[in-house]
Amino acid sequence: MYPYGYYQGYLPQPAAHFTPEYDYQQYEQYDDRQPQQLERRVTALERQNQEQSREITRLNRQLVNLTDQVKMLNQTVDRHTRRLNRLNQRLRAVENRLNIPFTPFDGEF
């Protein structure tokens, strides 16, 4: 090794497959549409956005209505379940008083 730097024979040589810098201009895309066409497209997209907003609002209202209906039906089921339990208790009390054996799955009332 040369003590004061690299000897000319030892300098690294550039690679044979060296490619030039990437040319960004080659791939730059230009929008050649006219401003009127762009304005029409923007207007159409805004209209579509408004229609979708109205549809979302309508669906949200429908969802709230359906949620309220489910809540009311659950309350009705709970009321009927409590009533059925009370009736079963009264029936068991009558069966016990009359000494009727309890048979829950005989298929009759």
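That block above? That's the structure.
Bear in mind the structure is a predicted one, so any value in this text is a computation, not a measurement.

Engineer: Break down the overall build of the chain for me, with residues and values.
Structural biologist: When you go through the chain residue by residue, the secondary structure sums to one helix and zero strands. For the chain, buried positions account for 1% of its 109 residues. In the structure as shown, the chain presents an accessible area of about 11,700 Å², 54% of it carried by carbon and sulfur atoms.

Engineer: Provide a residue-level description of a positive patch on the surface, including the pertinent values.
Structural biologist: A cluster of basic residues, Arg79, Arg82, Arg83, Arg86 and Arg90, forms a positive patch at the surface. Examined against the element boundaries, Arg79 turns out to sit in helix α1 (residues 35-97). When its relative accessible area of 47% is taken as the criterion, Arg79 is described as partly exposed.

Engineer: How would you explain the pattern of salt bridges if you had to name every residue and give the values?
Structural biologist: Enumeration over the complete set of coordinates arrives at one salt bridge. Glu55 is the partner of Arg58 in a salt bridge, and the nearest nitrogen-oxygen pair spans 2.7 Å. On the criterion of helical spacing, the pair formed by Arg58 and Glu55 is a turn pair, its members being three residues apart in helix α1. With a relative accessible area of 38%, Arg58 lands in the partly exposed category. Overall, the relative accessible area of 36% leaves Glu55 in the partly exposed class.

Engineer: Lay out a nonpolar patch on the surface in plain terms, naming residues and giving numbers.
Structural biologist: The grouping of Val94, Leu98 and Ile100 at the surface amounts to a nonpolar patch, some 260 Å² of accessible area in total. With respect to the secondary-structure elements, Val94 resides in helix α1. Judged by relative accessible area, Val94 falls into the partly exposed class, the value being 36%.

Engineer: Break down α1 for me, citing the residues and quoting the values.
Structural biologist: Relative to the 93 Å expected for 63 residues at 1.5 Å per residue, α1 spans 92 Å between its end C-alpha atoms, a close match to the ideal helical length. The first or second residue beyond α1 is Asn99, which carries a positive phi of 55°.

Reading guide: rules and limits
- Residues numbered from 1 in each chain as written.
- Predicted model: local features only at pLDDT ≥ 70, side-chain atom pairs only at ≥ 80, totals over all residues.
- Heavy atoms only, no water.
- Helix = DSSP H or I, 4+ residues; strand = E, 2+ residues; numbered from the N terminus.
- Buried < 20%, exposed > 50% of the residue type's maximum accessible area, 1.4 Å probe, protein only.
- Areas by Shrake-Rupley, 256 points an atom, 1.4 Å probe, with all protein chains shown as cover.
- Patch = residues over 30% accessible without salt bridge, like charges linked within 9 Å, V, L, I, M, F, W, Y side chains within 5 Å.
- Salt bridge = Lys/Arg side-chain N within 4 Å of Asp/Glu carboxyl O.
- Lys, Arg positive; Asp, Glu negative; His and termini not counted.
- Charge placed at Lys NZ, Arg CZ, Asp CG, Glu CD.
- Expected span 1.5 Å × (residues − 1).

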